[in-house]
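# Report on the structure
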Amino acid sequence: MTLTSEPLTLPVLPLDDEVVLPGMVVPLDLNDADVRAAVEAAQAAARSSGDSKPRVLLVPRIDGTYANTGVLGTVEQVGRLADGDPGALIRGRGRVRVGAGTTGPGAALWVEGAEVEETVPDPLPGAVTELVKEYKALATSWLKKRAAWQVVDRVQQIDDVSTLADNSGYSPFLTTAQKVELLETTDPVARLKLATEQLREHLAEQDVAESIAKDVQEGVDKQQREFLLRRQLEAVRKELRELNGEAEGEESDDYRVRVESADLPEKVREAALKEVEKLERSSDQSPEGSWIRTWLDTVLELPWNERTDDSAAGYDIRGARAVLDAEHAGLDDVKERITEYLAVRKRRNDRGLGVVGGRRGGAVLALVGPPGVGKTSLGESVAHAMGRKFVRVALGGVRDEAEIRGHRRTYVGALPGRIVRAIKEAGSMNPVVLLDEIDKVGSDFRGDPAAALLEVLDPAQNHTFRDHYLEVELDLSDVVFLATANVLEAIPEALLDRMELVRLDGYTEDEKVVIARDHLLPRQLERAGLETAEVTLDESALRGLAGEYTREAGVRNLERAVARLLRKIAAQHELGERELPFTVGADDLRALIGRPHHVPESAQDPAERRTAVPGVATGLAVTGAGGDVLFVEASLADPETGAAGLTLTGQLGDVMKESAQIALSFLRSHGAELELPVADLKDRGVHIHFPAGAVPKDGPSAGVTMTTALASLLSGRLVRTDVAMTGEVSLTGRVLPIGGVKQKLLAAHRAGVTTVIIPKRNEPDLDDVPAEVLEKLDVHAVTDVRQVLELALAPATNGAATEVPMAA
Ligand SMILES: Nc1ncnc2c1ncn2[C@@H]1O[C@H](COP(=O)(O)OP(=O)(O)OP(=O)(O)O)[C@@H](O)[C@H]1O
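We now turn to the structure provided with this report. (Residues numbered from 1 in each chain as written. Predicted model: local features only at pLDDT ≥ 70, side-chain atom pairs only at ≥ 80, totals over all residues.)

### A look at the overall build of the protein chain
Along the backbone of the protein chain there are 26 helices and 26 strands. Every one of the 808 residues in the protein chain was classed for burial, and the buried ones make up 38%. (Helix = DSSP H or I, 4+ residues; strand = E, 2+ residues; numbered from the N terminus. Buried ≥ 20, exposed ≤ 12 C-beta atoms within 10 Å, placed from the backbone.)

What follows is the structure, given as structure tokens:
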């Protein structure tokens, strides 16, 4: 509520763009004509009326218009202002409603006015007390920001609502209009509310502005800091280079220069430059920096645009064949297959067709066979023949997909995969890559390496091969992939689908002799530091080494034996114990490298032979090392103590266990007819054992051998030592076909077996078996297990027949 008291007559002091509120003390410049006129008029009036202080009416004038409300001001002092100009110090006293114009002394404008009386509720309602607190808090926070500590105290001490609100007149952030609003709000509580709002708004704006300013400042700071640090880094580097005696400009670790000067495909360069930028931003010590450097090194070392030139000069197929012939003895069919493969590849290439693709396209040659038959070295020969670089990627035991495709770079110690590493090692984008032991890749929780390999080998995908580590695409379409495997069955199905198989089953003794003479001996002579003419191995010595000192499908141990022999001779020569040149004959072997390890069963003392007791039969099997002979032993358990049923030992697979069951069932039902005492089989346990040594692959082909061993056991008739057999047996006694005939026959021959029994339906496989082996073997193709028993069991000897061995 506002009341007006008796009228006042006052000279108007107009304030342009300025507002003085009650309680404020302001200095005003007397050079200003309006100010001087008002002050002088007031002084004159005061003198005549005897008032103590001259009084003026301070009225804001906005765009030439006066506000409705003014403030009664008393002139406190007239003198010099801080800048030396004449001035007056005026104190605002109270609100006055501006009335009509009137006359008075001097040049000033005189008006009538009425003082505005203010009432404040007493005591203050809670809401107002709260408002007072809020205002003080806001004002304090604002003042503290400006470090106006004395003012903080003064504001805190004001208790009067009206005075507190008018104190806002000092706020420099308020616009003239806002101050006029404060002036014209005559109710003190309403005015304090308004002042509080204005203050709050300002503080909020300030907060936003401040945080923006902070952000801006930080950005600037960071850029500046970075710039400064960079300069410092450069200076330090330069100094280090000078210390190390490097010439200016010869910046070994300046990746930017290296990337820019390297011969990289455009996409790769872009990616590399991006990394260089990251590197430049990271500190020298940060782990990220070292990752990036490793990555850049890898990228820079890859032979992006290197390729050996084979199509332009055009390796001619005849030349290629000549290389294959020169480096490997024998293997005619294998070489033929490789030559065909090369010819097709070349023709397609010449006609711009690219690699043979598509499913079953057989873009990849897979060399399958036992160890030491020359798979790896054939791969190398293919590279020679094509005039390309050769790299070998060992896949044995790879179970992690990342081995093939690389680890993501975020992985600690990440590396590119083996394919990328192979390309790097080859130093060209079109090498011959030999995927060695592709049958030994496994899969587990870390993914399926075979799936990654599939992508590598697929001509539709491999021109954009993506290694997880490298992250840039690599074109593998010009790489010649070859694969090797020991065991065909172990190659993952999907991969097998992509491959053209070339089988290497092993060598005959004659072939080994030729290989040893033409290839292994010359190489090992050189290794032993001997001249070609100094040591000769005659044919009988080579034969002895191949036949009695080693027993293998390939020639790896043979090569070792030759090496051992030559080392011995070289040492003896150095010790003066042997004259050179020297020709080694079969009789010299024993003295040089000791006794042979592999004597044929038939050459053993008859009592020492494995088949010297009933119940042991000789089988033929394929193992990881190629074909091999193995012995199957059968015995009957003691009727008192032994458990009934069938016991099998010797690391057998499920299929082999089933074959054993079938052999047993067959003999139980046909024993009588075969004149075998099958009653024994009913109440006594049977034990079949495959002695360790060579562990055969799981399969049914030992069926005939197990049947024969059991029949021998029951009849007491020995199995002929010179007979070995292979074949599956059905419940009715039919002999069914099996695999690996060539490997098995080579093994039989190696072991000195002379009679071999095979299933009739395998007869066509004999075409693959070298003639020299067939010549020495008496091969019987049979259809029924009865024929097997007839051939294999020796005639009964009187008396000894009942001596049946027993298992413990
Ligand atoms: N037909 C051959 N003519 C000449 N040398 C041969 C022949 N076969 C094999 N060799 C030689 O025998 C050695 C063993 O061959 P290699 O290492 O290539 O066997 P591999 O089949 O790859 O065996 P693995 O499966 O264990 O890798 C090599 O030194 C190779 O040169």
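The structure having been displayed, the exposition proceeds.
### Some thoughts on helix 21 (residues 654–670)
Here helix 21 is 17 residues long and its end C-alpha atoms lie 24 Å apart, about the 24 Å a rise of 1.5 Å per residue gives. Taken as a whole, helix 21 has its buried residues at Met656, Ser659, Ala660, Ile662, Ala663, Leu664, Phe666 and Leu667. If you follow the buried residues of helix 21, they end up packed against strand 20 (646–649), helix 22 (679–683), strand 21 (686–689), helix 23 (703–715), strand 23 (728–729) and helix 26 (785–792). (Expected span 1.5 Å × (residues − 1). Contact = placed C-beta atoms within 7 Å.)

### Description of the pairing of strand 25 (residues 755–759)
Counting buried positions along strand 25 gives 4 out of 5 residues, so the element sits mostly inside the fold. With 5 bridges connecting them, strand 25 and strand 26 (residues 778–782) associate as parallel partners. What sits directly across from isoleucine 758, in strand 26, is alanine 781. One crossover worth recording links strand 25 to the parallel strand 26 by way of helix 25 (residues 771–776), and it is right-handed. (Pairing = 2+ DSSP bridges. Right-handed = clockwise from strand over helix to strand, strands pointing away.)

### Notes on the sheet that holds strand 10 (residues 390–394)
Pairing is parallel in the open sheet, where 5 strands are placed in the order 10-11-14-9-15. With partners counted over all chains shown, the strands left at the sheet margins are strand 10 and strand 15 (499–503), one partner each. Direction aside, the axes of adjacent strands within the sheet are offset by 25 degrees on average. Of the strands in this sheet, strand 9 (364–368), strand 10, strand 11 (432–436) and strand 14 (480–485) are in contact with helix 12 (residues 375–386), which crosses strand 11 at around 170 degrees. (Axes fitted to C-alpha atoms, helices over the stretch in contact; angles between N-to-C directions.)

### Notes on the nonpolar core
Grouped together as the largest cluster of nonpolar side chains are 152 residues, with contacts concentrated most on Leu482, Ala516, Leu545, Val632 and Leu710. Not counting residues up to four positions away in its chain, the partners in contact with leucine 482 are Val364, Leu365, Leu367, Gly379, Val382, Val432 and Leu434. Within the second largest apolar cluster, 42 residues are counted, among which are Leu10, Ala88, Tyr135 and Ala195. (Core = buried A, V, L, I, M, F, W, Y, C linked by C-beta atoms within 7 Å.)

### What about the packing of helix 10 (residues 317–327) against helix 12?
Closest axis-to-axis distance for the helix 10/helix 12 pair is 8 Å, and the angle between their directions is 145 degrees. Here helix 10 runs over helix 12; the crossing is right-handed. For the pair helix 10 and helix 12, the contacting residues are Ala320, Val323, Leu324 and Glu327 in the first and Ser381, His384, Ala385 and Met386 in the second. Along the lines of polarity and charge, the residues of the contact of helix 10 with helix 12 split into 5 nonpolar, 2 polar and 1 charged. (Left-handed = near helix turned anticlockwise from the far one by under 90°. Nonpolar A, V, L, I, M, F, W, Y, C, P; charged D, E, K, R; others polar.)

### Let's talk about the packing of helix 21 against helix 23
The relative placement of two packed helices comes down to the angle between their axes together with the axis-to-axis distance. Look at helix 21 against helix 23: their axes get within 9 Å of each other, and the N-to-C directions meet at 45 degrees. Between helix 21 and helix 23, the interaxial angle falls into the category oblique. Seen along the crossing, helix 21 lies across helix 23 with a hand that is right-handed. Across the interface between the two elements, Ser659, Ala660, Ile662, Ala663, Leu664, Phe666 and Leu667 from helix 21 touch Gly703, Met706, Thr707, Leu710 and Ala711 from helix 23. The class makeup of the residues in the contact of helix 21 with helix 23 is 9 nonpolar, 3 polar and no charged. (Parallel < 35°, antiparallel > 145°, perpendicular 65-115°, else oblique.)

### Points about the environment of leucine 545
Relative to the elements of secondary structure, leucine 545 occurs in helix 18 (residues 539–549). For leucine 545, a count of 28 C-beta atoms within 10 Å corresponds to the buried category. If we ignore the near neighbours within four places in the chain, the residues touching leucine 545 are Ala516, Thr550, Leu558, Ala561, Val562 and Leu589.

### Overview of the site of the ligand
The immediate surroundings of the ligand are formed by 19 residues, with Pro371, Gly374, Lys375, Thr376 and Ser377 found nearest. For the shell around the ligand, the secondary structure elements donating two or more residues are helix 12, helix 17 (509–527) and helix 19 (556–574). The biggest single contributor to the shell around the ligand is helix 12, with 3 residues. Looking at the shell around the ligand residue by residue, the class counts come to 6 nonpolar, 10 polar and 3 charged. In this structure, the shell around the ligand is formed jointly by two domains, domain 3 (317–503) and domain 4 (509–593), each of which donates at least three residues. (Near = placed C-beta within 6 Å. Domains from an automatic or database assignment.)

### Thoughts on unusual backbone geometry
Outside of glycine, negative phi angles account for most residues, and trans bonds account for most peptide bonds. The amide bond that connects leucine 580 to the next residue, proline 581, takes the cis arrangement and shows omega of -5 degrees. Mapping proline 581 onto the fold places it in the loop between helix 19 and strand 17 (582–584). The backbone of aspartate 63 shows a phi angle near 50 degrees, a positive value even though the residue is not glycine. Among the secondary structure elements, aspartate 63 is positioned in the loop between strand 4 (55–62) and strand 5 (65–66). Among the residues examined, aspartate 63 registers 6 C-beta atoms within 10 Å and is labelled exposed. With phi around 60 degrees, glutamate 675 is a residue other than glycine that occupies positive phi space. Turning to its location among the elements, glutamate 675 is positioned in the loop between helix 21 and helix 22.

### Section: the pairing of strand 14
Within strand 14, 6 of the 6 residues are buried, leaving the element largely enclosed by the surrounding structure. Here strand 14 shows a buried face lined by Val480, Leu482 and Thr484 and a second buried face lined by Phe481, Ala483 and Ala485. Of the strand pairs in this sheet, strand 9 and strand 14 are connected by 4 bridges, and their pairing is parallel. Its bridge partner lying in strand 14, leucine 367 is registered against threonine 484. Pairing of strand 11 with strand 14 involves 4 bridges; the strand directions are parallel.

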